[in-house]
Amino acid sequence: MFCSIILMVINLMVDLEKNIQYIKGVGPAKATLLNKLGIYNIKDMVEHFPRTYEDRTKLIDIIDFMDGEYVLFVGKIQTDVKVQRIRKNLAIYSTFACDDTGNVKLTWFNQKYIKDRLKVGISYLFYGKVQIEYGRRVIDNPQIYNLAELDKVKGIYPVYTLTSGITQNYLFNLINTIYEDEVKEEEIFSDEFRKKYNLADINYALKNVHFPENFSAIDRARNRIIFEELFLLQLALMTLKNNSLGMKKENVYSSVDEEDFLKLLPFDLTGAQKRVVEEIKKDLTSDKVMNRLVQGDVGCGKTMVAAISMYIAVKNGYQATMMAPTTILANQHYNELKPYFEKLGINVEIITSSTTKKNKEIISNKLKNKEIDILIGTHSLIEDNIEFNNLSLVITDEQHRFGVKQRMKLTNKGKNVDTIVMTATPIPRSLAIVLYGDLDISIIDEMPPGRTPVKTYVVDKTFELRINNFIRKNVEAGRQIYVVCPLVENNETLDLKSVEEIYEKYKNEYFKDLSVEFLHGKMKNKEKDEIMQRFKENKINILISTTVIEVGISVSNATVMIIENADRFGLAALHQLRGRVGRGSYESYCILKSDNKSQKARERLKVMEKSNNGFEIAETDLEIRGPGDFFGIRQSGLPEFKLANLLKDMKILKEAQQAAKELLKEDKYLKLAKNQKIRNALFDKFGEQLTNVAT
Ligand code: ADP
Ligand code: MG
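For every chain, the first residue of the written sequence is number 1, and numbering continues from 1 onward in sequence order. Chains carry letters and ligands carry numbers; both start at the beginning, A for chains and 1 for ligands, and go up in the order they are written. This being a predicted model, a pLDDT of at least 70 is required before a residue's local features are given, and a value of 80 or more before pairs of side-chain atoms are given or counted; all residues contribute to the totals for chains, interfaces and linings. Excluded from the side-chain calculation are hydrogens and water; included are all heavy atoms of the structure.

1. Section: the pattern of salt bridges
Line of reasoning, step 1. Here, a salt bridge means any side-chain nitrogen of Lys or Arg that lies within 4 Å of a carboxyl oxygen of Asp or Glu. The tally for this structure, following the rule as stated, stands at 31 salt bridges.
Line of reasoning, step 2. Here glutamate 54 makes a salt bridge to arginine 56, at a shortest N to O gap of 2.6 Å. Residue glutamate 54 shares its accessibility class with arginine 56, and that shared class is buried.
Line of reasoning, step 3. Among the salt bridges present, the one from lysine 360 reaches glutamate 383, with a minimum N-O distance of 3.4 Å. Residue lysine 360 is located in helix α13 (residues 357–368), and its partner glutamate 383 is located in the loop between β13 (374–377) and β14 (391–396); the two are separated by 23 residues in the primary sequence. For each residue, the accessible area found with a 1.4 Å probe, counting protein chains only, is set against the maximum for its type, and the residue is called buried under 20%, exposed over 50%, and partly exposed in between. Under the scheme used here, helices are H or I runs from DSSP no shorter than 4 residues and strands are E runs no shorter than 2 residues, and both carry numbers assigned from the N terminus.

As structure tokens, then:
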């Protein structure tokens, strides 16, 4: 007789839905901070992917240091640590370290212990970010280790997105704690599918994205995760397009004569506007549903092209709608276009978040009864209770500010609607095609006549007085000034603080006698609109704002734009901001203030002095900063991904697109049993928008 011993393997499996608060070392206070990063449960933390990695696998010679790079190096201390007391709460500790190839200045702020930590003549390991200032190498706040710690320090370190109160080390320890037990997410791809597209298993990918053994493991892990993100997006877009692609419109437009509208305009269309209108007309009269992207630099006159298209839709007996990203922009479109449409007996209405509930109801009823032909508005347009009678044309302005979901929701308000999306963001053509599926692209590459390029200057602190005199001179000549404050990413409270500080300076130091006001995203819409209105009426001389107050604003009397801490913006964003001036016939100026001494930063800003062409600027920005930073979080509005980067990951994007195509070819409605997990993932992510596609 023998007994069999049953070995019970106790697999401590992590519950992915478990609230992050209950993990060792978290608790309610830290949990609140983690929530700010979008981390509510374990799954969120596992999917809080590193932004990048620190390569501390190699020691770098000092002579090879490059501006902006992070380096691990051995340096021998050359001089006693010097202390400079700048003011009461700021002391700078500095010294020099060298190796056989060169030396570097090391500085720390308010770190008293440095004086005892470092001894002249002794070598240490340092890790930090190199800056080249006036040809000299400097590292602020490098981390210090003893040489004996080399083995421990060497390796590949994940770098996470943080929020105040949460450090890299904290997140690193947290993810370590979580992975002490077994973490298992559901694999949505079959073995066959993974083999076909050479994809790693999801759990291998998740683990190696946080704890990579080497760089090729990172690649494989990231590739898998990015593929899934892009694949699901492509599936969503295609499923949506299945609805419209190749579909016949029920009613093809017959009359496309816009003469009556054009007669009312005080100007002729530019050649480029005419060409794009023709392209649109061709689509409108074809029986295929139109999906068109209209790209054009700020101020090229996209709104008129939109208006003409809407006019044609209405003339054919249909309704049209145009969605703008902010109330101010929606109002501007409404006020600009309403007089023309009214003269032609066309009813235009506007709906924004400041529209009262009662008015929304009235508008909604009129819409259903077709007493309104054109509805202009903000996100409020996509609310469920806004229903059209026979919507046939949907236009989104500043498309980059809307997500895929919102776009879907609006087009779903009509049947086989024609769509135009308008953007001033120069998206490379190859990218636009993948992103927007089969969108056709029209480009307005010509400015209305009489525009003079905005004169642009990059200046530092030493110019302050001169700039202020310049502002005064312009105000005395009757012109108006914009001052743009640096944006604090994802932090409206800090944004507000920076606006208030700058306002203080302008209002109470420099221009006590002038009318100075400020605008901020946190203010109520009504307040914002009032201020904007008064600015338009020239009752405000200097308007201070964040970028939250958007790009398309048109006040032709405003001729000077001052951008504070300009180095904090991407060039594409600066260019869009600059487009707010130079809208009239007056000479206009853009002053980029920056005290950043890094060569790279100055070089980048100088591009703005030389070029007035948005596409050219965007390309240079791309070259200098790399694609990672190109679509900064706020300005982008491209779909948000946890890991994917649409420019960098173009290759994966194409593969994912191909894979999605093949899958839908085989199983158009994702009905096959083997595709159910994919289908569930798709609906988890894009759910409600796909409802009329699904069954
Ligand atoms: P954007 O393309 O940035 O949206 P807008 O549509 O706001 O630009 O146009 C900027 C300004 O140029 C508006 O005041 C508009 O009335 C004017 N505009 C548009 N087309 C022409 C044109 N062909 N000639 C002169 N002015 C024009
Ligand atoms: Mg516009």
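2. A closer look at the site of ligand 1
Line of reasoning, step 1. Neighbouring residues are identified by heavy atoms, a residue being near a molecule or strand if any of them is within 4 Å of it. In the vicinity of ligand 1 lie 15 residues, with Asp268, Gln273, Gly299, Thr303 and Arg451 positioned nearest.
Line of reasoning, step 2. In protein, a polar contact means a hydrogen-donor-capable atom and an acceptor-capable atom, both N or O and within 3.5 Å, with residues adjacent in sequence counting only if both atoms are side-chain atoms; elsewhere, any N or O pair within 3.5 Å suffices. With respect to ligand 1, the side chain of glutamine 273 contributes an N or O atom lying 2.8 Å from a nitrogen atom.
Line of reasoning, step 3. Bound to the protein, ligand 1 loses 86% of the 570 Å² it would expose on its own.
Line of reasoning, step 4. Among the detected pockets, ligand 1 sits in the second largest pocket.
Line of reasoning, step 5. A class-by-class count of the residues in the shell around ligand 1 yields five nonpolar, five polar and five charged. Here the open area of atoms and residues is found with the Shrake-Rupley method and a 1.4 Å probe, where only the protein chains shown may cover a residue. Put simply, the grid is 1 Å and covers the protein atoms alone, a cavity is a trapped set of points that fit a 1.4 Å probe, a pocket is an open set with protein on both sides within 12 Å along at least five of seven lines, and lining residues have an atom within 4 Å of a point. Occupancy of a cavity or pocket is assigned to a molecule whenever over half of its atoms lie within 2 Å of that pocket's grid points. Throughout this entry, Asp, Glu, Lys and Arg are counted as charged residues, while Ala, Val, Leu, Ile, Met, Phe, Trp, Tyr, Cys and Pro are counted as nonpolar. The remaining residues, Gly among them, count as polar.

3. Re the environment of isoleucine 591
Line of reasoning, step 1. Structurally, isoleucine 591 is set in strand β22 (residues 589–593).
Line of reasoning, step 2. Given a relative accessible area of 4%, isoleucine 591 falls into the buried group.
Line of reasoning, step 3. C-alpha separation for the pair isoleucine 591 and methionine 561, spaced 30 residues apart in sequence, amounts to 6.1 Å.
Line of reasoning, step 4. Apart from residues lying up to four places away in sequence, isoleucine 591 is in contact with Tyr457, Val459, Ile467, Met561, Ile562 and Ile563. Any pair of residues with heavy atoms lying within 4.5 Å of one another is described as a contacting pair.

4. Digging into the packing of aromatic side chains
Line of reasoning, step 1. Centres within 6.5 Å make a pair out of two Phe, Tyr or Trp rings, where for Trp the six-membered ring is used; the pair is then stacked when the planes are under 30 degrees apart, edge-to-face when over 60, and tilted otherwise. According to the stated counting rule, one finds 24 aromatic pairs in the structure shown.
Line of reasoning, step 2. With centroids separated by 5.0 Å and ring planes inclined at 70°, the aromatic side chains of phenylalanine 65 and phenylalanine 73 adopt a geometry described as edge-to-face. Residue phenylalanine 65 shares its accessibility class with phenylalanine 73, and that shared class is buried.
Line of reasoning, step 3. Joined through ring pairs, the aromatic side chains of Phe189, Phe193, Tyr197, Phe227 and Phe231 make up one cluster.
Line of reasoning, step 4. Counting as a charge over the ring demands two things of the Lys NZ or Arg CZ atom: a distance within 6 Å of the ring centre and an angle within 35 degrees of the ring normal. Residue placement shows arginine 56 over the ring face of tyrosine 157; its charged tip is 4.1 Å from the ring centre.

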